[in-house]
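Coordinates in review
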Amino acid sequence: MAIFNNVIEILQLLDKSNCKKCGEKTCMAFAGAVLKGKKKLADCPAVDRDTVQLYEDVDEQRPSREDELQEAIVAIQKVIKKLDFPEVAKRVQGSWSDEKLTIKIMGKNLSFDADGKLFTDLHVNSWVLISSFNYVVNCKGVPVSGKWTPFRELPNGKDWQRFFSHQCEKPLKKIIDEQTDLLEDIVTLFSGQQFPHEYQSDIAVLLSPFPLVPMLICYWKPEDGMGSSMSLFFDETAEDNLSIEGLYMLGTGIVQMFKKLALQHGSVAHTN
Ligand code: SF4
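A brief look at the structure comes next. Predicted model, so just to flag it, every value in this text is computed and none were measured.

So, the overall build of the chain
Secondary structure assignment for the chain yields ten helices and nine strands. Relative to its 272 residues, the chain shows a buried fraction of 47%. Restricting to contacts in the chain with at least 6 residues of sequence separation, those with at least 24 account for 61%. Within the structure as shown, the chain displays about 14100 Å² of accessible surface, and the carbon and sulfur contribution to it stands at 50%.

Re the nonpolar core
Ranked by size, the top nonpolar core spans 62 residues in total, and within it Tyr 135, Phe 151, Phe 190, Phe 234, Leu 247 and Phe 258 carry the most contacts. Per-element accounting of this core gives the leading share, eleven residues, to helix α10 (residues 244–271). Residues within four places of Phe 234 in sequence aside, it is in contact with Lys 147, Trp 148, Thr 149, Phe 151, Leu 154, Phe 164, Val 213, Pro 214, Met 215 and Leu 247. Leu 11, Leu 14, Cys 27 and Val 52 belong to the second largest nonpolar core, which has twelve residues in total.

Quick notes on the packing of aromatic side chains
The relative placement of two aromatic rings is captured by the distance of their centres and the angle of their planes. Summed over the entire model, instances satisfying the criterion amount to eleven aromatic pairs. For the pair Phe 112 and Phe 133, a centre-to-centre distance of 4.8 Å together with 35° between the ring planes defines the contact as tilted. Of this pair, Phe 112 sits in strand β3 (residues 108–113) while Phe 133 sits in helix α6 (residues 126–138); the two residues are 21 residues apart in sequence, bridging distant segments of the chain. Comparing Phe 112 with Phe 133 shows no difference in burial state: the two are buried. A connected cluster of aromatic rings, assembled from ring pairs, spans Trp 127, Trp 160, Phe 163 and Tyr 248. Residue placement shows Lys 100 over the ring face of Phe 119; its charged tip is 4.7 Å from the ring centre. Positioned over the ring face of Phe 163 is Arg 162, at 6.0 Å from the centre of the ring.

Some points on the sheet that holds strand β4 (residues 118–120)
Taken in spatial order, the four strands make up an open sheet running β1-β2-β3-β4, and their pairing is antiparallel. Every other strand in the sheet has two partners, leaving β1 (95–97) and β4 as the edge strands with one partner each. Here the strands of the sheet are splayed against their neighbours by 25° on average, with no regard to which way each runs.

About the thresholds
- By convention here, each chain's residues receive numbers from 1 onward along its written sequence.
- Only residues with pLDDT of at least 70 get local features here, since the model is predicted, and only at 80 or more are side-chain atom pairs given and counted; chain-wide, interface and lining totals rely on the full set of residues.
- With hydrogens and water stripped out, all remaining heavy atoms of the structure feed into the side-chain values.
- Secondary structure elements are taken from DSSP: a helix is a run of H or I of four residues or more, a strand is a run of E of two residues or more, and numbering for both begins at the N terminus.
- Burial status follows relative accessibility: with a 1.4 Å probe on protein chains alone, a residue under 20% of its type maximum counts as buried, one over 50% as exposed, and anything between as partly exposed.
- Every residue pair with non-hydrogen atoms within 4.5 Å of one another is taken to be in contact.
- Surface exposure here means Shrake-Rupley accessible area, sampled with a 1.4 Å probe, where a residue is shielded only by the protein chains that are shown.
- For the purposes of this section, nonpolar cores are sets of buried Ala, Val, Leu, Ile, Met, Phe, Trp, Tyr and Cys residues that join through side-chain atoms within 4.5 Å.
- Between 30 and 60 degrees the pair is tilted, below 30 it is stacked and above 60 it is edge-to-face, where a pair is any two Phe, Tyr or Trp rings, Trp via its six-membered ring, whose centres lie within 6.5 Å.
- Note on criteria: charge over ring means Lys NZ or Arg CZ within 6 Å of the ring centre, with the direction from the centre no more than 35 degrees off the ring normal.
- Between any two strands, pairing holds if DSSP finds at least two bridges.
- Only C-alpha atoms enter the line fits that serve as axes; for helices the fit covers just the stretch in contact. Angles between N-to-C directions range over 0 to 180 degrees.

Structure (structure tokens):
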């Protein structure tokens, strides 16, 4: 099943001839079937193969599904058992006490013991958990440069850009478009900082998912007939301290956390 939010997104990709070659009576019916996962975009012969590949491969190749995530967690816990935790604590700018390694993740403590068992008050999802393990294992301890770059311009960013765009950038922009004031909650809840209009944005929020992996969200409100826009930046050193897959998982996990927050925020707003 490809990644679509509604039938209109799918309908826009069809030629709307209602030719029935897909086995559905209308293009609209076909779009509905694709959305429900009963048909694939490739079942319409009028959609060119590049478009099919762009949308359907993202889902088929997308790393990773929940069962794969759980397998990855078990595998990486075995690696963690072999780490020299006091050394790791210095390298990742964490701390080591009471037989636990602690790192700050968006201002909250997240600790592991030597078996990779997790202790935290933060409600982390599997994506964020794996990227935390990835950070602990792969972080080279390279200091933050203070120079921002978009994900696609990181050394291996191009290879992962499609996934990152679908799983992270587009859904994050949608959340902010619908609930722009949520960024204020994000700053408060996740120890972020409002930045003074970086890149002439209307709102810029600095987050520290890990001590050596900061992230900058810049948002430009719609203006003069132009739509809104949003960009996510990482420090130029990001891939020295977290692999590109780890950055993709981190972004995806954080956006999922924000989605939950947006749902709560929306329901509170509606009751006020
Ligand atoms: S084959 Fe494609 S163009 Fe023809 S009805 Fe189905 S969706 Fe529409």
